[in-house]
Amino acid sequence: MLSEAEKERRWQAAGLENDTIFGLVMGRKDICKLFLKSTIPDVDFADLKITTQKEIVNHYQSKTIRLDVLAVDEQGNHYDIEIQVKNEHNVPQRSKFYHSMMTNRMLEQGENYQKVKATYVIFVCMFNVNTEEALSHFEMINRNNLSEKLNDGTHTILLNVNADSSKLNENLQGLVQVLRRESVNQSQLGQELSKALKEVKGDMLVKNQLGYSSDDMVLYGRQENIQMMIADKEELGLSEKTIVRFIMKTLYLTEKEAEELYDEMLEDLEKQKQK
């Protein structure tokens with residue numbers, strides 16, 4: 001059983017990248033609207049109905065999904081906002097499934113397909129995705145005429161936290177800075193996120209409800225960067241000791257824990273080379 005000191009350390013280590021905390025913060029109406037407007041500026045978000053940790057089941061035998069933040073606008077368009085911490089190499093497939101689950105709940109038996117509204121799946125990724133851009137917006141297009149869109153209302157948006165954020169607008173830069181635990185700019189979104197995160201982390205009721213002894217409270221969001229450092233340590237001129245110190249500082253671990261994590265990551269990299 002974890003000691004109270006260890007529980008507290010894990011709680012203090014948890015940040016916006018924790019999916020429950022992300023839902024509580026991003027689920028605030030003003031923050032959600034500002035994020036969506038900053039991400040999809042050509043859409044008017046006059047009013048939104050927001051649900052956090054929304055579970056969707058379409059059939060008793062089908063896979064259940066739990067959406068971090070689900071917003072529905074006045075026209076009935078659906079916006080799913082997800083924080084993705086661990087790279088399971090399934091972002092395209094996960095996006096497809098989430099679109100289908102949201103779409104499937106839009107129509108009752110006998111209703112016309114014209115009533116199907118747009119669905120947006122927005123993944124905020126703490127790892128490198130299959131694009132070098134910080135923000136990528138995907139739609140269905142004609143392969144024979146790339147300027148021609150299907151206009152089926154299916155949109156997948158990827159925000160790559162590890163990419164160069166200099167081309168992002170000020171609000172999205174603020175979000176990235178909060179997730180990276182960097183100094184936050186004076187953007188409205190950055191400031192609102194910082195304030196809300198502080199309030200959520202200071203709420204004892206939330207702290208107890210989350211079961212903060214969970215392993216999920218450990219910060220995983222920077223592990224891919226650490227793996228890259230280990231893989232390229234000779235090229236970068238880094239020693240094992242330097243990387244271990246970085247792990248301790250970044251993940252709030254003891255020296256022993258950091259050394260064990262280093263060894264695990266090194267072993268994973270060796271296994272990947274053998275494949």
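The rules we used
Residues numbered from 1 in each chain as written. Predicted model: local features only at pLDDT ≥ 70, side-chain atom pairs only at ≥ 80, totals over all residues. Heavy atoms only, no water. Helix = DSSP H or I, 4+ residues; strand = E, 2+ residues; numbered from the N terminus. Buried < 20%, exposed > 50% of the residue type's maximum accessible area, 1.4 Å probe, protein only. Contact = heavy atoms within 4.5 Å. Areas by Shrake-Rupley, 256 points an atom, 1.4 Å probe, with all protein chains shown as cover. Axes fitted to C-alpha atoms, helices over the stretch in contact; angles between N-to-C directions. Parallel < 35°, antiparallel > 145°, perpendicular 65-115°, else oblique. Left-handed = near helix turned anticlockwise from the far one by under 90°. Nonpolar A, V, L, I, M, F, W, Y, C, P; charged D, E, K, R; others polar. Expected span 1.5 Å × (residues − 1). Arc of directions from axis to C-beta. Salt bridge = Lys/Arg side-chain N within 4 Å of Asp/Glu carboxyl O. 1 Å grid on protein atoms, 1.4 Å probe; cavity = no way out; pocket = protein on both sides within 12 Å on 5 of 7 lines; lining within 4 Å. Points joined across faces, edges and corners; volume = space filled by probe spheres on them.

S.K.: Describe in detail the overall build of the protein, supporting the description with residues and values.
M.R.: Helices and strands together make up the secondary structure of the protein, namely 11 helices and 8 strands. The buried share of the protein, reckoned over its 275 residues, is 45%. For the protein, the share of sequence-separated contacts (at least 6 apart) that also reach a separation of at least 24 residues comes to 59%. Total accessible area computed for the protein in this model is approximately 15,900 Å², and 46% of it derives from carbon and sulfur atoms.

S.K.: How would you summarise the packing of helix H2 (residues 19–26) against helix H6 (residues 188–201) if you had to cite specific residues and measurements?
M.R.: Running from amino to carboxyl end, H2 crosses H6 at an angle of 120 degrees, the nearest separation of the two axes being 9 Å. Our classification of the angle between H2 and H6 gives oblique. The crossing of H2 and H6 is right-handed. Two secondary-structure elements touch here, H2 through Ile-21, Leu-24, Val-25 and Met-26 and H6 through Leu-193, Ala-196, Leu-197, Val-200 and Lys-201. Across the contact of H2 with H6, the residue classes break down as 8 nonpolar, no polar and 1 charged.

S.K.: An account of H6 is needed here, citing residue identities and associated values.
M.R.: Across its 14 residues, H6 extends 20 Å between first and last C-alpha, which sits within 8% of the 20 Å expected from 1.5 Å per residue. Among all positions in H6, only Leu-189, Gly-190, Leu-193, Ala-196, Leu-197, Val-200 and Lys-201 are buried. Each buried residue of H6 lies within a common arc of 135 degrees when the element is viewed along its axis, so the set occupies one face. Of the exposed residues in H6, those oriented more than 90 degrees away from the buried face are Gln-188, Lys-195 and Lys-198.

S.K.: I'd like a rundown of the pattern of salt bridges, residues and numbers included.
M.R.: One pass over the structure, following the stated rule, counts 7 salt bridges. The salt bridge partner of Lys-29 is Asp-47, with a shortest N-O separation of 2.8 Å. Of this pair, Lys-29 sits in helix H3 (residues 29–39) while Asp-47 sits in the loop between H3 and strand S1 (48–56); the two residues are 18 residues apart in sequence, bridging distant segments of the chain. Overall, the relative accessible area of 38% leaves Lys-29 in the partly exposed class.

S.K.: I'd like a description of the layout of surface pockets, backed by residues and values.
M.R.: Quantified by volume, the second largest pocket comes out at close to 500 Å³. In this structure, the second largest pocket is lined by 21 residues; those nearest its centre are Val-91, Pro-92, Ser-95, Phe-138 and Thr-156. Looking at the lining of the second largest pocket, the elements with two or more residues in it are helix H4 (91–104) and strand S8 (154–160). With 6 residues, the single largest contributor to the lining of the second largest pocket is H4. Here the lining of the second largest pocket is built from residues that sort into 7 nonpolar, 12 polar and 2 charged.

S.K.: Give me the lowdown on unusual backbone geometry, citing residues and values where you can.
M.R.: Positive phi, close to 55 degrees, is recorded for His-89, a residue that is not glycine. Positionally, His-89 belongs in the loop between strand S3 (78–84) and H4. We classify His-89 as exposed; its relative accessible area is 65%. With phi around 65 degrees, Arg-181 is a residue other than glycine that occupies positive phi space. Its place among the elements puts Arg-181 in the loop between helix H5 (170–180) and H6.

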